[in-house]
Structures are given as structure tokens and as C-alpha cells.
Amino acid sequence: MPTTDPFRLAEQAASEVVDALGGQAPSVAVVLGSGWLGAADVLGVPDTELSTGDLTGFAVPTVAGHRGSIRALEVGGRRVVVLVGRVHLYEGLSEADVVHGVRTAVLAGCSTVILTNAAGGLNPEWPPGTAVALTDHLNLTNRSPLSGPPPPDPYGSRFVDLSEVYSARLRAVARGVDPSMREGVYAALRGPHYETPAEIRMLRTLGADLVGMSTALEAIAARHLNAEVLGVSLVTNLAAGVASTPLDHAEVLAAGAAAAPGLGRLLRGVIEGL
Ligand code: HPA
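In what follows, the accompanying structure is described. Being a predicted model, the structure only gives us computed values, none of them experimental.

**What about helix 3 (residues 95-108)?**
Turning to step 1, where the next piece is worked out: The first and last C-alpha atoms of helix 3 sit 20 Å apart over 14 residues, in line with the 20 Å expected at 1.5 Å per residue.
Turning to step 2, where the next piece is worked out: Maximal helix bending in helix 3 amounts to about 40 degrees, located at G101.
Turning to step 3, where the next piece is worked out: The buried fraction of helix 3 amounts to 11 of the 14 residues, a majority that puts the element mostly inside the structure.
Turning to step 4, where the next piece is worked out: Along helix 3, the positions that sit buried rather than exposed are E95, V98, V99, H100, G101, V102, R103, T104, A105, V106 and A108.
Turning to step 5, where the next piece is worked out: Turning to helix 3, the residues buried within the fold contact helix 1 (6-20), strand 1 (28-31), strand 4 (78-84), strand 5 (112-121) and helix 6 (216-224).
Turning to step 6, where the next piece is worked out: A positive phi of about 135 degrees marks G109, the residue just after helix 3.

As C-alpha cells, then:
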């Protein structure tokens, strides 16, 4: 019977990826959030593009602006995989589905994982288009990618330490590329509805600077596998109640398109500076 263990599925997918890359293991993974596709285009032309539909264990994305593929390219002498078409809890998928791409990338060899996302900004001084490096997160999804049976050998304990999910070293690299880079705490909610103004006031009280519907579970899964994580949010809109206008997904994608060249240069600079 085929395995359903999420770690074994990711091992299988990882070996398929490495085989498809001619045995050359990648060392850096970039997970693209909503609106970040243009940034990936700026990062460089992929020499290989794999459809996640042809790889073990990948769920099919259902969101506009997300396509399921893994692009491979060389950046600054490093083999990089770009995961296009992240999936979310709000699509009715499991925690294991949500982190499968990150687990696959780490097991394929990526010791650095760059998680990007689109986020609502709680700070009125951060206009749409601002890139913010994550210092930490509030996982308000009420889910963990480590729930379920204990991870099989040789993986570490499910009681993973999260004292430094987002690497201070990688944030310093990002600041080296863009000294004006802002930093903040990302609140992950399940969505898919946007928040109410009261919820945004609550999140501000809790210490959040950004709000979105991804990243936290992937960051936990990556840390569990000992990868170093950089999280970068693109503020695509001011959060509900901070903004004077209603929120919509088209606005999120448009802000991403406008910011793409700068974000692409940021990703390139970070990877070159690793
Ligand atoms: N809230 C939640 N998720 C988001 C937002 C937001 O305002 N903008 C982009 N993703």
C-alpha cells in the first residue's frame, strides 16, 4: 500500500525533484506568495520547470495568482528552487498538504528557505508595496504541521523549539541588500475572509504588525527540519479598519505586480549574500 506518512511522501517527492535536476541538489528554496510571481521572473530564467502535478504528494492550488510548479535556476552560484503555487488551509487542505512543498525542498537539500507572502499591514506608516522581514509570528491558525503521529526516524522530535523561527542572520543579510528594510511580527490566520476592524485592533494589541493566511506552518515545518528561514511579507494593503477602503484580492495581486522588480532584486541580493 502506498504510504500516507507526510515525511515519507516528502522524501519521495524530494528524490523526484533531485532526479529531475540531474542529481544536482538545490540549496535554497523560495516559496512564492500571492503577488510574488513577478519577483520570481526578475530573479532569473529557470533552466528547469517541474509541474507539481507530476510529483508525489502535491495538492492542486485553487487560488488565482498561484500555479503549481517548481522552477530551478542558478543564482549567485547557488542552485535555487522556486515553489510556485503554495496551498493554504483555507482551501480545505490539511496541514501536511500546506507544508509538503517546504518539506520536499528541505529534504531535497535546501538548508535555506525564503518564505514570501502578501500581507495586510497594521502599521499605517507602511504603504502598500513595502517589504517587511519577519522577526516572528503569531500562529493563530490553531493548527500545527507536527500534529498527528510522531515524525518517523530520522526526524527530530515534534516538540520543536521555536525561539528563533526566522533567522536573525538572514534578516541581517536582507538588511545588507536593503538597509531600509522594515521588520515585524506576522499574524497567521486561517481566512479566507479578511479580518474585521475589531480583529485587527485585537491583533495590534497582541503585537502583530502584519496579517496573512500562510507562512507560519511552513516556517514551523522548515525549522523542524533544521532549515534556516527568512520570511518576507509584501504589504499589499492596509489591514481592515486601518484602510479607508474595502479589501479585495485583485488589489493584493496588483500591489505585487507593481513591487515585483524591487522584490526580485531583494531575493537575488539575499541569495547572493548567503
Ligand atoms: N488580511 C489577511 N491576509 C491578507 C491581507 C489582509 O489584509 N492582505 C493580503 N493577505
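**What about the packing of aromatic side chains?**
Any two aromatic rings considered together are summarised by their centre-to-centre distance and by the angle between their planes.
Turning to step 1, where the next piece is worked out: One pass over the structure, following the stated rule, counts one aromatic pair.
Turning to step 2, where the next piece is worked out: Positioned above the aromatic ring of F7, the side-chain terminus of R103 is 4.1 Å from the ring centre.

**Digging into the site of the ligand**
Turning to step 1, where the next piece is worked out: The ligand sits among A118, A119, G120, Y194, E195, V211, G212, M213, T236, N237, L247 and V252.
Turning to step 2, where the next piece is worked out: Backbone polar atom of G120 to a nitrogen atom of the ligand: 3.3 Å apart, as the coordinates give it.
Turning to step 3, where the next piece is worked out: A distance of 2.6 Å separates a nitrogen atom of the ligand from a polar side-chain atom of N237.
Turning to step 4, where the next piece is worked out: Relative to its free-state accessible area of 260 Å², the ligand is covered by the protein chains to the extent of 95%.
Turning to step 5, where the next piece is worked out: Among the elements of the structure, strand 5, strand 8 (210-212) and strand 9 (228-238) are those that each provide at least two residues to the shell around the ligand.
Turning to step 6, where the next piece is worked out: Sorting elements by how many residues they give to the shell around the ligand places strand 5 first, with three residues.
Turning to step 7, where the next piece is worked out: By residue class, the composition of the shell around the ligand is seven nonpolar, four polar and one charged.

**Some thoughts on the packing of helix 4 (residues 168-177) against helix 7 (residues 249-272)**
Turning to step 1, where the next piece is worked out: One way to put it is that helix 4 packs onto helix 7 with a least axis distance of 9 Å and a crossing angle of 125 degrees. Considering their axes alone, helix 4 and helix 7 lie oblique with respect to each other. Here helix 4 runs over helix 7; the crossing is right-handed. Between helix 4 and helix 7, the residues in contact are V173, A174 and V177 and R265, L266, G269 and V270, respectively.
Turning to step 2, where the next piece is worked out: In terms of residue class, the contact of helix 4 with helix 7 is built from five nonpolar, one polar and one charged.

**Focus on the packing of helix 1 against helix 3**
Turning to step 1, where the next piece is worked out: Between helix 1 and helix 3, whose axes approach to 8 Å, the crossing angle comes to 50 degrees. Overall, the two elements helix 1 and helix 3 adopt an arrangement that is oblique. Our pair here, helix 1 against helix 3, has a crossing hand that is right-handed. Contact with helix 1, carried on its side by P6, F7, L9, A10, E11, A13, A14, V17 and V18, involves A96, H100, R103, T104, L107 and A108 of helix 3 and no other residues of that element.
Turning to step 2, where the next piece is worked out: Residues of the contact of helix 1 with helix 3, tallied by class, amount to 11 nonpolar, two polar and two charged.

Reading the values: the criteria
Residues numbered from 1 in each chain as written. Predicted model: local features only at pLDDT ≥ 70, side-chain atom pairs only at ≥ 80, totals over all residues. Heavy atoms only, no water. Helix = DSSP H or I, 4+ residues; strand = E, 2+ residues; numbered from the N terminus. Expected span 1.5 Å × (residues − 1). Bend = angle between axes of the 7 residues up to and from the residue. Buried < 20%, exposed > 50% of the residue type's maximum accessible area, 1.4 Å probe, protein only. Contact = heavy atoms within 4.5 Å. Phe/Tyr/Trp six-rings, centres within 6.5 Å; stacked < 30°, edge-to-face > 60°. Lys NZ or Arg CZ within 6 Å of the ring centre and 35° of its normal. Near = heavy atom within 4 Å. Polar contact = N/O pair within 3.5 Å; in protein donor to acceptor, adjacent residues only side chain to side chain. Areas by Shrake-Rupley, 256 points an atom, 1.4 Å probe, with all protein chains shown as cover. Nonpolar A, V, L, I, M, F, W, Y, C, P; charged D, E, K, R; others polar. Axes fitted to C-alpha atoms, helices over the stretch in contact; angles between N-to-C directions. Parallel < 35°, antiparallel > 145°, perpendicular 65-115°, else oblique. Left-handed = near helix turned anticlockwise from the far one by under 90°.

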